[in-house]
Amino acid sequence: MLAYLLRRVLYTLPIMAGVALVCFALVHLAPGDPLVSILPADASEDLQNQLRTLYGFDRSLPEQFFSWVWRALQGDLGTSIASNRPVTTEVMTAVVNTLRLAVVATLIGFFFGCLFGFVAGYFRNSWVDRGASLLSVLGVSVPHYWLGMVLVIVFAAQLNWLPATGAGPGGSDNWVWDWEHIKHLLLPAITMSVIPMGIVARTVRALVAEILAQEFVVGLRAKGLTHFGVFRHVVKNAAPTALAVMGLQLGYLLGGSILIETVFAWPGTGFLLNSAIFQRDLPLLQGTILVLAMFFVVLNVVVDIIQSLLDPRIARS
Amino acid sequence: MNTATATLPVEKPAKSRGYWGNVGARVVRDPVFWVAASVVLALLAMALFGPWIAPADPQASSMLSRLKPIGTDGYPLGSDELGRDMLSRLIVGARLSLFMGITPVILAFCIGSAIGILAGYAGGFTNTAIMRTIDVFYAFPSVLLAIALSGALGAGIGNALLSLTIVFIPPIARVAESVTTQVRNRDYVEAARASGANAFTIVRVHVLGNVLGPIFVYATSLIAVSMILASGLSFLGLGVKPPEPEWGLMLNTLRTAIYVQPWVAALPGAMIFITSIAFNLLSDSLRAAMDNK
Amino acid sequence: MQAPVQKPLLSVQGLVKHFPLKKDVLGRGGGVVRAVDDVNFQVLPGETLGVVGESGCGKSTTARLLMQLIEPTAGEVLFDGAKVGSRDLPLKEYRRQVQMVFQDSYASLNPRLTIEDSIAFGPQVHGVSGGVAVARARSLLAKVGLEPTRFAGRYPHELSGGQRQRVNIARALALQPRIVILDEAVSALDKSVEAQVLNLLLDLKDEFGLTYVFISHDLHVVRFISDRVMVMYLGEVAEVGAAETLFETPRHPYTKALLSSMPSMDPDRRTLVAPLAGDPPNPINPPGGCRFHPRCPKAEAVCGQVVPSRKALALPGVTQGVACLIHEPGSGHTLAALPTAQEAA
């Protein structure tokens with residue numbers, strides 16, 4: 001077991017290195033001079049060179065890469081060209097906002113997904129199952145940015161129950177878990193939860209149906225176990241995979257929140273990414289992508305470890 | 001050798017239904033398949049014949065007729081923020097939206113399968129090297145990677161296609177490698193090696209036929225995701241550029257209109273939704289038909 | 001007066017295969033599985049050589065080494081005097097001469113190909129044109145008892161186990177080999193079907209002048225079909241000899257134990273005592289000296305130190321032999337004969 005954990009963690013290191021390389025390369029793929037966005041059109045040669053040296057664009061690519069990585073390891077991701085604030089601060093504030101949204105969305109999605117999936121798997125092949133399966137197909141197929149728009153239309157524009165955009169009074173820096181703020185959270189969180197809900201429901205349904213069909217369940221029933229007892233057994237067997245799926249969905253939400261955050265003007269990492277792209281703010285872009293990707297990698301490792309702790313078969317393979 | 005065995009039987013032997021024949025037979029009995037297939041065919045027809053089916057010119061704008069509601073005379077599904085007929089734009093928009101959704105998957109299928117089959121059949125160091133590289137790309141959530149790539153390369157159809165293809169290559173390669181590794185260890189592949197065949201012939205005759213099926217079905221399940229992602233890129237302004245009609249882009253430009261003509265503004269997204277459902281159902285029924293041995 | 005020495009068709013000398021074991025992240029583990037250790041034997045033209053032994057004795061590994069489906073760690077295989085893989089006998093040419101029928105009849109056939117295509121594949125690899133290959137496939141199907149008009153266009157899942165195994169035999173014969181290795185080829189079949197297939201194998205052997213290496217754990221079947229029998233234990237050859245002689249008068253203690261475990265219809269020959277005592281063997285750390293000595297009823301101290309010699313088994317003309325110190329004059333075992341004056345000198 002320990003060997004497996006050690007191996008899994010060690011294995012992450014080359015992946016992280018690869019991710020950093022890709023992040024760096026991505027941004028330098030961009031055609032055109034990275035300085036174009038900051039410079040006024042008629043800037044002098046001198047000024048151009050000064051800025052170039054300041055931002056380090058005059059050094060060779062490998063040099064830039066290693067100095068960027070070195071500083072990143074110390075927590076310094078450079079300075080945003082557009083806002084002139086340290087990238088690390090900007091990203092971390094945004095991450096906290098996105099996490100609030102993503103965690104709530106994941107919990108909602110996981111809860112209802114498990115509910116629907118479990119019910120569908122328990123009553124497999126009945127109309128309940130088909131209904132739930134249809135719902136989960138719908139959930140998986142919906143374009144979430146469009147769903148966000150529709151929800152805004154219904155609940156904000158037409159009914160005026162909930163606000164359409166923003167993160168609440170006082171901006172995102174003064175977050176409190178009160179209704180004033182939560183009502184801003186509701187629509188985006190629900191929108192975000194739909195796709196994970198669909199995926200979790202599908203997975204749980206398949207798991208439950210498979211477990212119930214196995215012979216050991218017949219053995220348990222023959223032993224005289226009540227429905228509740230069987231239920232506990234099913235949960236124990238399904239839990240590792242279900243939790244793994246939930247963890248992965250959280251990761252996807254973290255990385256893929258940009259579309260929803262754009263619709264709802266939620267000040268999270270997606271929103272930040274959006275502005276970084278359009279303002280061609282390279283340090284911010286690099287830093288944001290790096291942080292998000294690293295989050296995802298770490299999340300994957302944590303999910304793997306938890307799964308192997310819950311399901312001893314995995315560690316042995 | 002006695003002469004009796006030297007003559008061939010005169011009649012040709014009866015050929016029975018192969019694997020795909022059986023899958024086809026199962027699939028046509030599934031009502032969901034027919035519903036999904038007809039929707040997909042209708043969409044493809046829209047994509048192919050759009051410009052000829054559309055009642056009005058999708059680019060004809062008229063500032064007087066901006067944002068008319070559904071059911072207006074001359075604008076059956078309303079008009080957009082520049083006064084263009086929504087019905088026509090939706091129909092013609094099918095072309096770009098479907099193209100942006102399906103093409104990356106096709107390209108990724110070809111490239112990803114080649115990489116995965118190579119890694120799976122070669123095994124050993126080649127396999128490790130290839131799959132570890134794939135793992136690095138797998139370490140990014142797909143939306144993030146698509147947007148980052150698009151953002152880096154800049155807006156435009158070509159760049160969007162490129163970034164989406166790159167996003168879909170790793171999952172397809174993984175599936176291809178996994179299936180190929182299983183097949184490679186089967187006895188009939190060993191028997192083929194024992195006949196003296198070289199690796200290329202073995203892959204062509206024995207591996208491909210058994211491996212492309214599952215990979216293909218997995219790829220079809222990616223089409224819906226690709227469509228949503230492609231339209232999403234246009235929604236963010238990273239894909240198709242105006243004034244081309246494309247559903248994601250239309251959603252973007254109509255966003256501000258949700259307070260004025262909400263249902264017209266929501267229409268393009270509904271098209272994406274319908275297309276996505278249809279492709280998902282199609283892929284599901286195909287997978288169900290293939291699972292049944 | 002000695003009979004003329006028959007030149008062996010296949011000669012295996014010093015064949016060794018060790019499978020390395022992976023070390024874990026802390027460096028534990030490692031070592032090797034000594035699946036096949038210094039195996040020497042010959043296969044004479046036109047005979048059926050039966051190979052028997054417990055699970056894990058190395059029979060299947062030896063078969064795959066003969067087919068060059070896995071690389072030997074050491075040792076060589078000579079076919080008709082030429083070393084396999086050398087310039088005189090390139091691998092592809094050797095593959096035409098030696099073919100194999102596997103145990104799992106279903107897994108040996110590509111589910112996506114019709115059975116005539118599966119059979120025709122081998123010849124096509126060696127340059128036979130498509131039409132001729134298919135014609136050959138159909139005539140072979142007729143030979144193995146499957147009427148081509150009914151069966152040629154079928155897929156493996158539409159056939160029964162026995163029928164599939166016939167297809168595998170036809171496939172092995174398609175390249176017109178001289179040796180066919182049958183690795184537990186009938187073990188998975190029902191008894192009645194097994195009998196039919198065995199008789200088919202005998203008929204084909206006569207008709208095509210084949211040589212068989214028949215691997216099995218079923219001693220009755222081996223006795224029925226073999227001319228000579230080779231007994232393997234834990235990766236080594238224990239005894240080789242003419243089938244009837246070996247079954248009537250086994251010499252190696254392991255062979256004796258193996259044969260006494262055969263269930264018999266004769267009420268007078270019941271097994272009252274378990275023939276083998278001691279722990280099952282571990283091919284990772286095999287016992288020193290003679291590998292059978294921990295379980296051997298006749299073992300002595302010397303058996304744990306001296307490895308019985310087997311080199312003679314690969315020499316032309318040597319058709320029988322025993323790897324046991326009891327049968328080695330001068331080995332030091334109390335039951336062994338004393339060396340004659342010539343040998344001691």
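These numbers were taken from a predicted model, which means no experiment stands behind them.

Peer 1: Would you mind showing me how to read the overall build of chain B here?
Peer 2: Per the secondary structure count, chain B includes 10 helices and zero strands. Each helix (α) and strand (β) of chain B, taken in turn from the N terminus, gives the series α-α-α-α-α-α-α-α-α-α. The C-alpha radius of gyration of chain B comes to 24 Å, more than 25% above the 19 Å expected for a compact globule of 293 residues. Overall size of chain B, expressed as C-alpha extent along the three principal axes, is 90 × 50 × 25 Å.

Peer 1: I'm lost on the overall build of chain A in this one. Help?
Peer 2: The number of helices and strands found in chain A is 13 helices and zero strands. Counting only contacts in chain A whose residues sit at least 6 apart along the sequence, the fraction spanning at least 24 positions is 75%.

Peer 1: In this structure, what is going on with the interface of chain B and chain A? I would like to understand it.
Peer 2: Many structure descriptions define interface size as the accessible area lost when the parts assemble. The interface is formed by 33 residues belonging to chain B together with 38 residues belonging to chain A. Of all the secondary structure elements, the ones that give two or more residues to the side of chain B that touches chain A are α4 (124–138), α5 (142–153), α8 (199–235) and α10 (262–291) of chain B. Split into classes, the residues belonging to the side of chain B that touches chain A amount to 24 nonpolar, seven polar and two charged.

Peer 1: What am I meant to see in the pairing of strand β3 (residues 48–52) of chain C here?
Peer 2: Consecutive side chains along a regular strand alternate between the two faces of the sheet. Residue and element names in this part refer to chain C. Among the five residues that make up β3, five are buried, leaving the element largely enclosed by the rest of the structure. Two elements, β3 and strand β8 (residues 211–215), share four bridges in a ladder whose sense is parallel. Along β8, the bridge assignment pairs Val51 with Ile215. Pairing analysis gives four bridges linking β3 to strand β9 (residues 228–233), with the strands arranged parallel. Residue pairing in the sheet places Gly50 in a bridge with Val229 of β9.

Peer 1: I keep staring at the packing of helix α1 (residues 2–29) of chain A against α5(B) and nothing clicks. Help me out?
Peer 2: When two helices pack together, their arrangement is given by the angle between their axes and by how far apart the axes lie. At a closest axis distance of 7 Å, the pairing of α1(A) and α5(B) adopts a crossing angle of 35°. Facing α1(A), whose interface residues are Leu26(A), Val27(A) and Leu29(A), α5(B) presents Ala148(B), Leu149(B), Ala152(B) and Leu153(B). For the contact of α1(A) with α5(B), the class distribution of residues is seven nonpolar, no polar and no charged.

Peer 1: Sorry, what's going on with the packing of helix α2 (residues 31–53) of chain B against α10(B) here?
Peer 2: Residues and elements named next belong to chain B. Relative orientation of the contacting elements α2 and α10 amounts to 135°, with a least axis distance of 8 Å. With respect to each other, α2 and α10 are oriented oblique. The two elements α2 and α10 cross, and the hand of that crossing is left-handed. Touching Val32, Phe33, Ala36, Ala37, Val39, Val40 and Leu43 of α2 are Ile274, Thr275, Ala278, Phe279, Leu281, Leu282 and Ser285, all from α10. Along the lines of polarity and charge, the residues of the contact of α2 with α10 split into 12 nonpolar, two polar and no charged.

Peer 1: When you look at α1(A) in this model, what are you seeing that I'm missing?
Peer 2: Along an α-helix, a turn takes 3.6 residues, which lines up residues three or four apart on a common side. Helix length check: α1(A), at 28 residues, gives a terminal C-alpha distance of 41 Å against a target of 40 Å (1.5 Å per residue), a fit within 8%. Those residues of α1(A) not exposed but buried are Val19(A), Ala20(A), Val22(A), Cys23(A), Phe24(A), Leu26(A) and Val27(A).

Peer 1: In this structure, what is going on with the environment of Arg95(B)? I would like to understand it.
Peer 2: Residue and element names in this part refer to chain B. Along the chain, Arg95 falls in helix α3 (residues 86–122). C-beta crowding within 10 Å serves as the criterion here: with 19 such atoms nearby, Arg95 is assigned to the partly exposed category. Each C-alpha atom, one on Arg95 and one on Ser65, is 25 Å from the other, the two residues being 30 residues apart in sequence. If near-sequence neighbours (up to four positions away) are discounted, Arg95 is found in contact with Ala47 and Gly50.

Peer 1: What should I look at first to understand the sheet that holds strand β5 (residues 82–83) of chain C in this one?
Peer 2: Strand-to-strand pairing in sheets goes through backbone hydrogen bonds, with the strands running parallel or antiparallel. All names here are of chain C. Ordered by their spatial adjacency, four strands build an open sheet running β2-β1-β4-β5, and the pairing between neighbours is antiparallel. Here the strands that pair on one side only, and so sit at the sheet edges, are β2 (32–43) and β5. Across two bridges, the pairing between strand β4 (residues 74–79) and β5 is antiparallel. Bridge pairing in β5 links Leu78 to Lys83.

Peer 1: I tried to follow the nonpolar core on my own but got confused; where do I start?
Peer 2: Across soluble globular proteins, nonpolar side chains have a tendency to be buried as a group. In this structure, Val200(A), Ala293(A), Ile181(C) and Val213(C) are the most contacted members of the largest nonpolar core, which totals 249 residues. In terms of residue count, the dominant contributor to this core is α8(B) (16 residues). When neighbours within four sequence positions are excluded, Ile181(C) is seen to be in contact with Ala63(C), Leu66(C), Met67(C), Val98(C), Met100(C) and Val213(C).

Peer 1: Help me out: how do you make sense of helix α6 (residues 161–173) of chain C in this one?
Peer 2: Residue and element names in this part refer to chain C. Look at α6: 19 Å from first C-alpha to last across 13 residues, which is about the 18 Å you get at 1.5 Å a residue. What α6 keeps buried is the set Gly162, Gln163, Arg164, Gln165, Arg166, Val167, Asn168, Ile169, Ala170, Arg171, Ala172 and Leu173. The secondary structure elements touched by the buried residues of α6 are β6 (98–101), α3 (115–125), α4 (130–143), β7 (179–183) and α7 (191–208).

Peer 1: It is not clear to me how the sheet that holds β7(C) should be interpreted in this structure. Could you clarify?
Peer 2: Residues and elements named next belong to chain C. Spatially, the seven strands line up as an open sheet ordered β6-β7-β8-β3-β9-β10-β11, and their pairing is mixed. In this open sheet, the two strands that pair with only one neighbour each are β6 and β11 (321–322). Where α6 meets the sheet, its contacts fall on β6 and β7, and the angle it forms with β6 comes to roughly 170°.

Peer 1: Before we go on, may I ask you to explain the pairing of β7(C) in this structure?
Peer 2: All names here are of chain C. Across the five residues that make up β7, a large majority, five, are buried. Judged by which residues are buried, β7 turns out to be covered on both faces: Ile179, Ile181 and Asp183 on one side and Val180 and Leu182 on the other are all buried. Bridge count between β6 and β7: four bridges; the pairing is parallel. Each residue of the ladder has a partner; that of Val98, found in β7, is Ile179. In this structure, β7 lies alongside β8, joined through five bridges in parallel fashion. For Val180, the partnering residue across the bridge sits in β8 and is Tyr212. Crossover β7 to β8 through α7 is right-handed.

Peer 1: Sorry, what's going on with the confidence of the model for chain B here?
Peer 2: Atom-level detail of predicted coordinates should not be read off regions where pLDDT is low. Residues and elements named next belong to chain B. Put simply, chain B has an average pLDDT of 84, and 94% of its residues get 70 or more. Across residues 1–11, confidence stays below pLDDT 50; counting only partners more than four residues off in sequence or on other chains, it has 10 contacts. Reported for the predicted complex are a pTM of 0.82 and an ipTM of 0.81.

Peer 1: Help me understand unusual backbone geometry, please; the structure alone is not making it clear to me.
Peer 2: Only a minority of non-glycine residues have a phi that is not negative, and only a minority of peptide bonds are not trans. Phi is positive for Asp38(C), close to 60°, though the residue is something other than glycine. Mapping Asp38(C) onto the fold places it in strand β2.

Peer 1: Would you explain the environment of Met63(B) in this entry?
Peer 2: The residue Met63(B) is located in the loop between α2 and α3 in this model. Here the alpha-carbon distance between Met63(B) and Leu82(B), two residues 19 residues apart in the chain, equals 6.0 Å.

Peer 1: Mind showing me how you'd approach the environment of Ala129(B) here?
Peer 2: Along the polypeptide, Ala129(B) turns up in helix α4. Sequence spacing of Ala129(B) and Arg84(B) is 45 residues, and the spatial spacing of their C-alpha atoms is 53 Å.

Cut-offs used in this document
- Starting from 1, residues in each chain are numbered consecutively following that chain's sequence as written.
- All chains are assigned letters beginning with A, and all ligands numbers beginning with 1, in the order in which they are written.
- Given that this is a predicted model, residues contribute local features only at a pLDDT of at least 70 and side-chain atom pairs are listed and counted only at 80 or more, while totals for whole chains, interfaces and linings are drawn from all residues.
- For helices the rule is a DSSP run of H or I covering at least 4 residues; for strands it is a run of E covering at least 2, with both sets numbered from the N terminus onward.
- Based on C-alpha atoms, the radius of gyration is set beside the globule rule, defined as 2.2 Å times the residue count to the power 0.38.
- We call two residues in contact whenever the C-beta atoms placed from their backbones are within 7 Å.
- Amino acid classes used here: Ala, Val, Leu, Ile, Met, Phe, Trp, Tyr, Cys and Pro are nonpolar; Asp, Glu, Lys and Arg are charged; the rest, including Gly, are polar.
- The exposure scheme places C-beta atoms from the backbone and then counts, for each residue, the other C-beta atoms within 10 Å of its own, assigning buried at 20 or more, exposed at 12 or fewer, and partly exposed in between.
- Two strands pair if DSSP finds at least two bridges between them.
- Interaxial angles span 0 to 180 degrees and are taken between N-to-C directions of axes, which are lines fitted to C-alpha atoms, for helices over the stretch in contact.
- Orientation categories follow fixed angle ranges, with anything under 35 degrees roughly parallel, anything over 145 roughly antiparallel, 65 to 115 roughly perpendicular, and all other angles oblique.
- For a crossing to be left-handed, the near helix must be turned anticlockwise from the far one by less than a right angle; the clockwise case is right-handed.
- Multiply 1.5 Å by the residue count of a helix minus one, and that product is the helix's expected span.
- A set of buried Ala, Val, Leu, Ile, Met, Phe, Trp, Tyr and Cys residues, joined to one another through C-beta atoms within 7 Å, is what we call a nonpolar core.
- When the strands point away from the viewer, a crossover counts as right-handed if the path from the first strand over the helix to the second runs clockwise.
- Per residue, pLDDT measures the predictor's confidence, with a range of 0 to 100.

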